[in-house]
Each structure stands twice: as structure tokens, then as C-alpha cells.
Amino acid sequence: MGKGLLYTLLLAFLSTTSGFGQSDNILWASVQFRKKFSPDWSLQVQPIVRYDQDISSYQNASLDLSLRRNLGAGWHVQLLSRTWSMPDRADRQFLWLDVGYSATIPALKLAVNNRVRFHQAFDIGGFTDLDYIRYIIQLVPTNSWKLKPTLAYEPWFILNDVDIFRVARIEPGLRYKFNDTFGLTTIWRREIDTNSDTDIRITRNLWVVALVYNL
């Protein structure tokens, strides 16, 4: 029953993404190095390289550093830094503060993961980056499959006064666990921006591939 519900929701989300016209395809390729120091504390280092123009041209690279603290009863907090290396402008710097909560629906064999993120962007070299409050909800099966489908929806709430801003990301994906050390995550991230004056929507397909390595 849980598996059927997840695939039904996946098809529903995919159907909502049609009708936006041509979109650029961008590849995010990364490795996630994870280290768990205790049941409560963990660290992740993630270098990311991006290719745009239908995955034909190098776009940029970044490095994520995140420290996570489990609070118990399904709650966690996380502090994450992203440092961008940009080929055609000044580098970028983001700082994120997350508060997350996870719960399960035993009858459906589903985990429901929720996260609120305060997205602080720093203005560097005369360029302005936008600040957001972001909320994501993700569904993941709780069974013992090695290959698991995932489904997430993330609306973005802008904190700046601008015309073009992010509306949402729709994220169907797959996770594969080779063993306790290695895993692979793939996500199709449908990113939707809008111009508030003209209601013109801009869409992108972000193809996210991450090799997971637990130290």
C-alpha cells in the first residue's frame, strides 16, 4: 500500500511540471563524505561540480560543509555553509540554518521528513544574492529495499523585494544502498522561478547525482 501511494504521488507531481516550455538541463555531480561521531553528532563534506547548457558546458563548483545535531524524538538541527567558485563573477557564500523533524506512517511504511531552512546569502563583489525561508517535505519508504524512490516538494519564500524569485522545487528521486559504506542518490529537481510582474515562469531540470561515502 505504501509503495503504491508513493508511486501515485510521484506521477501526480510529474504531471504538474508539464506545460512550462523548454528548460535548461543542468547536472550537479558530487560526493558526500559523511562522518558520524556519535548518535547525536555528524559532519558532512560535499564538493559539487555543475554543468549547464544541457550538460554541455562547465557552470561552476561549490563546497558544502555541514554539522548536524540530533535532538531526539525525530528532531534535528543543522548548520551548513556553501562556498561557490564562480568562473564569470565574484565567488558566492551561503549560510543555512536548518530545523528538521521526521515521523513515520507505519500503516503506509513511509517516513515523512520535514525541514525548515533559513537561507542567508552574502553579497560579494557588487553582486546581490537573495535570502529565503525554505520548507521541504519528503516521502521515503521505511522498508529494507536497497533501491528506494523518494519524493519531495520545496517551496521558497523570498525575503528580498525583487521581481524574479524562486517558487518551488519538485524532486522525485532514487536512493541505492550498496552497503553500510557506499550509497548513490539521484534526483530530478524541477526548479520553477517566476517574474511577479509578467507571471512568466522559468524552469530548469537539475539532474543531481551524489555518491555517498560513510567514513
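A brief report on the enclosed structure follows.

Rules used in this analysis
- Residues numbered from 1 in each chain as written.
- Predicted model: local features only at pLDDT ≥ 70, side-chain atom pairs only at ≥ 80, totals over all residues.
- Heavy atoms only, no water.
- Pairing = 2+ DSSP bridges.
- Helix = DSSP H or I, 4+ residues; strand = E, 2+ residues; numbered from the N terminus.
- Axes fitted to C-alpha atoms, helices over the stretch in contact; angles between N-to-C directions.
- Salt bridge = Lys/Arg side-chain N within 4 Å of Asp/Glu carboxyl O.
- Buried < 20%, exposed > 50% of the residue type's maximum accessible area, 1.4 Å probe, protein only.
- Contact = heavy atoms within 4.5 Å.
- Polar contact = N/O pair within 3.5 Å; in protein donor to acceptor, adjacent residues only side chain to side chain.
- Phe/Tyr/Trp six-rings, centres within 6.5 Å; stacked < 30°, edge-to-face > 60°.
- Lys NZ or Arg CZ within 6 Å of the ring centre and 35° of its normal.
- 1 Å grid on protein atoms, 1.4 Å probe; cavity = no way out; pocket = protein on both sides within 12 Å on 5 of 7 lines; lining within 4 Å.
- Points joined across faces, edges and corners; volume = space filled by probe spheres on them.
- Nonpolar A, V, L, I, M, F, W, Y, C, P; charged D, E, K, R; others polar.

1. Describing the sheet that holds strand E9 (residues 164-177)
- Strand order in this closed barrel of 11 strands is E1-E2-E3-E4-E5-E6-E7-E8-E9-E10-E11, and the pairing throughout is mixed. Between one strand axis and the next, the sheet turns by 20 degrees as a mean value, whatever way the strands run.
- For strand E3 (residues 57-72) and strand E4 (residues 75-85), the ladder comprises 11 bridges, and the chain directions are antiparallel. Within the sheet, the bridge partner assigned to Ser-66 lies in E4 and is Leu-80.

2. Side note on the pattern of salt bridges
- For the structure on display, the rule yields 12 salt bridges.
- The residue Glu-154 makes a salt bridge to Arg-115 at a minimum N-O spacing of 2.9 Å. Separated by 39 residues along the polypeptide, Glu-154 in strand E8 (residues 147-158) and Arg-115 in strand E6 (residues 110-122) bring together distant segments of the chain.
- For Glu-154, a relative accessible area of 1% translates into the label buried.

3. A short note on the environment of Gln-46
- Within the secondary structure layout, Gln-46 lies in strand E2 (residues 41-52).
- Its relative accessible area of 11% is what places Gln-46 among the buried residues.
- When the C-alpha positions of Gln-46 and Leu-65 are compared, they lie 6.6 Å apart, and in sequence the two are 19 residues distant.
- Those residues in contact with Gln-46 that sit more than four places away from it in its chain are Ser-30, Val-31, Gln-32, Ser-62, Leu-63, Asp-64 and Ala-210.
- A polar atom in the side chain of Gln-46 sits 2.8 Å from the side chain of Ser-30.

4. Comments concerning the packing of aromatic side chains
- Evaluated as defined, the whole model comprises 9 aromatic pairs.
- Aromatic pair Phe-33 and Tyr-213: ring centres 6.2 Å apart, planes at 85 degrees, arrangement edge-to-face. Residue Phe-33 is found in strand E1 (residues 24-36), and its partner Tyr-213 is found in strand E11 (residues 201-214); the two are separated by 180 residues along the sequence.
- The exposure class assigned to Tyr-213 is partly exposed, which follows from its relative accessible area of 28%.
- Relative to Trp-156, the ring of Tyr-132 lies with its centre 4.8 Å away and its plane at 85 degrees, an arrangement referred to as edge-to-face. Taken together, the residues Tyr-132 in strand E7 (residues 132-141) and Trp-156 in strand E8 connect sequence positions 24 residues apart.
- Classification of Tyr-132 by relative accessible area gives buried; the value is 6%.
- Judged by its relative accessible area of 6%, Trp-156 falls in the buried class.
- A cation over an aromatic ring shows up here: Arg-134 above the ring of Trp-156, its NZ or CZ 3.8 Å from the ring centre.

5. Focus on the pairing of E3
- Where E2 and E3 come together, 12 bridges link them in antiparallel fashion. By the bridge assignment, Gln-46 is partnered in E3 with Asp-64.
- In sequence, E2 turns back onto E3 through a hairpin of 4 residues, with Gln-53 there showing a positive phi of about 50 degrees.
- Where E3 folds back on E4, the antiparallel hairpin that results is connected by 2 residues, among which Ala-73 adopts a positive phi of roughly 60 degrees.

6. Here we look at unusual backbone geometry
- Positive phi outside glycine occurs at Gln-53, with the angle close to 50 degrees.
- Relative to the assigned elements, Gln-53 resides in the loop between E2 and E3.
- Positive phi, normally seen in glycine, also occurs at Ile-55, with a value near 60 degrees.

7. Notes on the layout of surface pockets
- Size it by volume and the second largest pocket reaches roughly 710 Å³.
- Lining the second largest pocket we find 30 residues, and of these Trp-84, Arg-92, Arg-166, Glu-191 and Arg-204 sit closest to its centre.
- Grouping the constituent residues of the lining of the second largest pocket by class yields 13 nonpolar, 4 polar and 13 charged.

Coordinates in, geometry out; function isn't part of it.
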